[in-house]
Amino acid sequence: MDPGPLNHSLKSALTYALSERQLSGSQRYRGADREQREGDVQVPASFQYERARSVDEAVTMLRRFGEEARVVAGGHSLLPMMKLRLAQPEFLVDINDLHELDYVRQEGSELCIGALTRHRTMLENELLWRYFPIFRDAERVIADPPVRNRGTMGGSLCQADPSEDLSAVCAAVHARAVILGADGSRTVTMEEFHKGPYETDCGPGELLVEVRIPIHPNAGSAYEKVERKVGDWAVGAAGAALALRDGRIVEAGLGLAAVGSNTVHNHRVEEVLRGNAPSEELFAEAARIAAEDCSPSTDTRGSAEYKRHLAGELTKRVLRRAAARAAGREA
Ligand SMILES: Cc1cc2nc3c(=O)[nH]c(=O)nc-3n(C[C@H](O)[C@H](O)[C@H](O)COP(=O)(O)OP(=O)(O)OC[C@H]3O[C@@H](n4cnc5c(N)ncnc54)[C@H](O)[C@@H]3O)c2cc1C
C-alpha cells in the first residue's frame, strides 16, 4: 500500500491499525489490499451519491443502504480513505445541507455542539471560549485553515483516529454523544462511543447528531499537544478539565491522544484528583499514573518511551492550566 501524497499520519495510523489487525473487515475500512497497487492513480471505487435534505432523510437513507453506506461531512478523512481504497462505500450520504446540525448553544447546564459544526466555528465560538477554553487550545493546533474550514465535530469523532484531538477533548470534558437511528435517539458516554481505533458506537443506519457537555461552575480546562511541525498530528497530546468547590477538585476529566490504540480516558487519574486541593504534588502523582497507564507504540513520530514521557508531562501541564483557569487566574 502506498499512500503517496496523502498526509503521513494517515498512512502511519492506518498502517498501525492494519498491522495490529485492529480494523476488522466487518468494520469500517474494507478491501485495503484490493485493487489499489503501487503506482496506481488514486481514485475511489465507484459509489452512488445522495444529498440529504433533512436529518430524517439522512437517517432513512443510511438505514436503506445499511452497511454499504457512509456519511460524508467535511470529507477530509473519508475521501483520502476512499482514494486509498481503505473505504469502499457503495453509497455516500452527504449531510452538508443539514444546517440544523451546525450550532453551538447552551441548553440549561449543558453546552451542545451539532455534529456538522466545523472546526473553524469551534475555534471562534464565544460560548466555547467562555466555558471550555480546551476547545480553543485544541482547535488552534488541528491541521490548517483549509481542513478547519470543512472538517466537522461529527466527522472527527466518527473517524475515531487514536491521534484525533477532539476525541481527547471530548473525553476530558465528559461529553456525551447523541446518536440518531430509525428507532429514535440514544445518548452514550464518550467511553462507550470510542469502541476502538476507527470504530465507534455509531453503527450502520445511524447518524451522530450532537455532542452534549456538562457545564460546571468554577471550572477550567486546557489542551496541549506536541507535534513535529505546525499542523501535524500529535506525537502525544493531553486534555484536562477540572471544577473546584471550596478550593477542592469536585469534577475531573483527563483524555489523551496518540498514546494508545484508542483515545485514552483515564479514570484512575480522575479519582486521584477528586476531593483534593490542586497542588504540584497532586499533579505530579496524576502525571505518574497517566504515563503508567498509557500504551503508546514506537513509530515515525517517536519512541514508545518518549510518548510515555509526553503523556506524563503534558498531563501535568494541562492540569496546572485547567486549575489556574478554574480559579480565574488565567483566561
Ligand atoms: C491534512 C490533514 C491534517 C489533519 N490534521 C489533524 C490534526 O492535527 N488533528 C486532528 O484531530 N485531526 C486532523 N485531521 C482530521 C480533520 O480533523 C478532519 O476534519 C476529521 O478527521 C474528519 O472530519 P470530516 O468532517 O472531514 O469527516 P469526514 O471525512 O466527512 O468523515 C469521517 C468519518 O466520519 C463519518 N461521519 C462523518 N460525520 C458523521 C456523522 N454525523 N455521523 C456518523 N458518521 C459520520 C464518515 O462516514 C467517515 O467515516 C487532519 C486532516 C487532514 C486532511
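Above this text is the structure in question.
About the thresholds
Residues numbered from 1 in each chain as written. Predicted model: local features only at pLDDT ≥ 70, side-chain atom pairs only at ≥ 80, totals over all residues. Heavy atoms only, no water. Pairing = 2+ DSSP bridges. Helix = DSSP H or I, 4+ residues; strand = E, 2+ residues; numbered from the N terminus. Contact = heavy atoms within 4.5 Å. Axes fitted to C-alpha atoms, helices over the stretch in contact; angles between N-to-C directions. Expected span 1.5 Å × (residues − 1).

Novice: How would you sum up the sheet that holds strand β13 (residues 248-257)? Please name residues and give values.
Specialist: Reading across the sheet, the four strands line up as β11-β12-β13-β14 and stay open at both edges, with antiparallel pairing between neighbours. Either end of the sheet is taken by a strand with one partner, and the two such strands are β11 (219-227) and β14 (264-265). Strand direction decides the pairing type here: β11 and strand β12 (residues 234-245), joined by nine bridges, are antiparallel. Counted as the bridge partner of S221 is A241 from β12. The strands touched by helix α9 (residues 165-172) within the sheet are β11, β12, β13 and β14, with β13 carrying the most contacts at an inclination of about 160 degrees.

Novice: Which residues make up helix α12 (residues 280-293), and what values go with them?
Specialist: Across its 14 residues, α12 extends 20 Å between first and last C-alpha, which sits within 8% of the 20 Å expected from 1.5 Å per residue. Along its buried surface, α12 packs onto β12, β13, α11 (267-273) and α13 (304-326).

Novice: Break down the sheet that holds strand β2 (residues 69-72) for me, citing the residues and quoting the values.
Specialist: An order of β1-β3-β2 is seen for the three strands of this open sheet, with the pairing classed as parallel. Every interior strand has two partners, whereas the edge strands, β1 (48-51) and β2, have only one. Averaged over neighbouring strand pairs, the angle between their axes works out to 25 degrees when direction is ignored. Examined bridge by bridge, β2 and strand β3 (residues 91-94) share four bridges and lie parallel to one another. Within the sheet, the bridge partner assigned to V72 lies in β3 and is D94.

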